[in-house]
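Given next are the chains, with one letter for each unit.
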Amino acid sequence: KPSDTFNIVRFDDTFELVFNDAVRADGENIQYAKRFVRNLDADGGTEMLAALDAALVDRNRNDTTRLRQVVFITDGAIGNEQQLFSSIAQNRGRSTVFTIGIGSAPNSFFMNRAAELGRGTFTHIGAIDQVKTKMGAFFAKLENPVMTGLSVQGEGVKLSEASPNPLPDLYKGEPIVVAAIADQASGMLKIEGDYAGQPWQVNMDLSQATKGEGIGKLWARRKIASLEAGRSYGNDFEQINRDVETVALSHHLVSSRTSLVAVDVKVSRPQGEALSSSKMPLNLPAGWDADK
């Protein structure tokens, strides 16, 4: 709407803002932004940190009448994930960060974790012919924030180690799954949030819950993700590593600290035959240009 405000940050190994600050989304500003985007050429590197920091600068942080949404679009060929995670965790403020990976080889680990830290979602667009459909669905979601300020609490039951924490905003067609440990299968689950500017609450009776297989592993995966996100907040790396290893081993999961090894006892090389090695060239992901 014309009353909304927006800005664009272009980046490769440098970055620039189209406008000095967020401007009204009126016809003149939108046409100027479209001309700027049409004249872009995909070149240079993918140095995201400075551009991300610029996008997270919020000069109107006390404005409670708007949702501040940052949409980060990239092919995701990134190596300094931890710096980027730390920037989002420390500078996010009231912003919601959404990530969109374009092409055949985005860094899905980074894109997913960045969206999780930013209380947003990750969208992968693998081919050009998917852009219209997936971006259409994405914009429809962005225009329909259903509920904000969500929280989950137990009454008559102790909840611990819930994730994600904090809960993201709820968007139309985008479920939120919370995994937590309860000390007993009874009591009430109180879910609260702001719906259309008004307080909203629902209570769920845990004694009516249905047993399900695999929920422990779901919680464990979420717990590991939450622990690893702790690195972005400057927590004790060594303690995080130990905790990740403990959870992963207890639930037989692959993680940054654990692997599963399969041993094949069949002998395929004739005894006495020498081993040789050679370097193999790595193919570029589909659609990439080495000269770029």
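In this report, the structure presented in the accompanying data block is examined. As the structure is a prediction and not an experimental result, all values here were calculated from the model.

Section: the nonpolar core
Among soluble globular proteins, nonpolar side chains are generally buried collectively. In terms of nonpolar packing, the biggest core is built from 18 residues, with Met48, Leu52, Leu84, Ile88 and Phe110 touching the most fellow members. Counting residues in each nonpolar core, the second largest holds 10 residues, with Leu227, Val247, Ala248 and Leu253 among its members.

Let's talk about a nonpolar patch on the surface
Taken together, the side chains of Tyr195, Trp200, Val202 and Met204 define a hydrophobic patch exposed on the protein surface, amounting to about 350 Å² of accessible area. It is strand E13 (residues 198-205) that contributes the most residues to the nonpolar patch, 3 residues altogether.

Structural notes on the sheet that holds strand E7 (residues 122-125)
Across the sheet, which stays open at both edges, the 3 strands sit in the order E5-E6-E7 with parallel pairing between neighbours. Looking at strand neighbours, the two that pair on one side only are strand E5 (68-74) and E7, the edges of this open sheet. Averaged over all pairs of adjacent strands, the angle between strand axes in this sheet comes to 20°, irrespective of strand direction. In this sheet, E7 lies alongside strand E6 (residues 95-102) in parallel orientation, the contact comprising 4 bridges. The partner of Thr99 across the bridge, within E7, is Phe122. Against the sheet, helix H4 (residues 108-117) engages E5, E6 and E7, with an angle of about 160° to E6. Against the sheet, helix H5 (residues 131-142) contacts E5, E6 and E7, and its axis sits at roughly 165° relative to E7.

Overview of the environment of Gly93
With respect to the helices and strands, Gly93 occurs in the loop between helix H3 (81-91) and E6. Overall, the relative accessible area of 56% leaves Gly93 in the exposed class. Counting along the chain gives 182 residues from Gly93 to Leu275, while the straight-line C-alpha distance between them is 56 Å.

Describing the packing of aromatic side chains
This model, assessed by the stated rule, comprises 7 aromatic pairs. An angle of 80° between the planes, with centres 5.5 Å apart, marks the rings of Phe98 and Tyr171 as edge-to-face. Of the two residues, Phe98 is situated in strand E6 and Tyr171 in strand E10 (residues 170-171); the sequence distance between them amounts to 73 residues. Pair check on accessibility: Phe98 and Tyr171 agree, each one buried. Here a set of aromatic residues connected by ring pairs shows up, and it is made of Phe98, Phe138, Phe139 and Tyr171.

A short note on H3
Buried residues of H3: Glu81, Leu84, Phe85, Ser86, Ser87, Ile88 and Ala89, and no others. In the core, the buried residues of H3 are packed alongside helix H2 (49-56), E6 and H4. Phi turns positive, to about 60°, at Gly93, one or two residues after H3.

Let's talk about the pairing of E5
Side chains Arg68, Val70, Phe72 and Thr74 project from E5 onto a buried face, and the interleaved Gln69, Val71 and Ile73 project onto a face without burial. Pairing of E5 with E6 involves 7 bridges; the strand directions are parallel. Its bridge partner lying in E6, Arg68 is registered against Ser95.

Let's talk about the pattern of salt bridges
Scanning all chains against the criterion turns up 8 salt bridges. Taking the shortest distance from any N to any O, the salt bridge between Arg59 and Asp21 comes out at 3.5 Å. Of this pair, Arg59 sits in the loop between H2 and E5 while Asp21 sits in the loop between strand E3 (15-17) and strand E4 (23-24), and the two are 38 residues apart along the sequence. On the accessibility criterion, Asp21 (33% relative accessible area) is partly exposed. With its nearest N and O atoms 3.5 Å apart, the salt bridge here joins Arg66 to Asp63. Assessed through its relative accessible area of 36%, Arg66 is described here as partly exposed. Within the structure, one salt-bridge network assembled from shared partners comprises Arg10, Asp12 and Glu16.

Scoring rules and cut-offs
Residues numbered from 1 in each chain as written. Predicted model: local features only at pLDDT ≥ 70, side-chain atom pairs only at ≥ 80, totals over all residues. Heavy atoms only, no water. Core = buried A, V, L, I, M, F, W, Y, C linked by side-chain atoms within 4.5 Å. Buried < 20%, exposed > 50% of the residue type's maximum accessible area, 1.4 Å probe, protein only. Patch = residues over 30% accessible without salt bridge, like charges linked within 9 Å, V, L, I, M, F, W, Y side chains within 5 Å. Areas by Shrake-Rupley, 256 points an atom, 1.4 Å probe, with all protein chains shown as cover. Salt bridge = Lys/Arg side-chain N within 4 Å of Asp/Glu carboxyl O. Helix = DSSP H or I, 4+ residues; strand = E, 2+ residues; numbered from the N terminus. Pairing = 2+ DSSP bridges. Axes fitted to C-alpha atoms, helices over the stretch in contact; angles between N-to-C directions. Contact = heavy atoms within 4.5 Å. Phe/Tyr/Trp six-rings, centres within 6.5 Å; stacked < 30°, edge-to-face > 60°.

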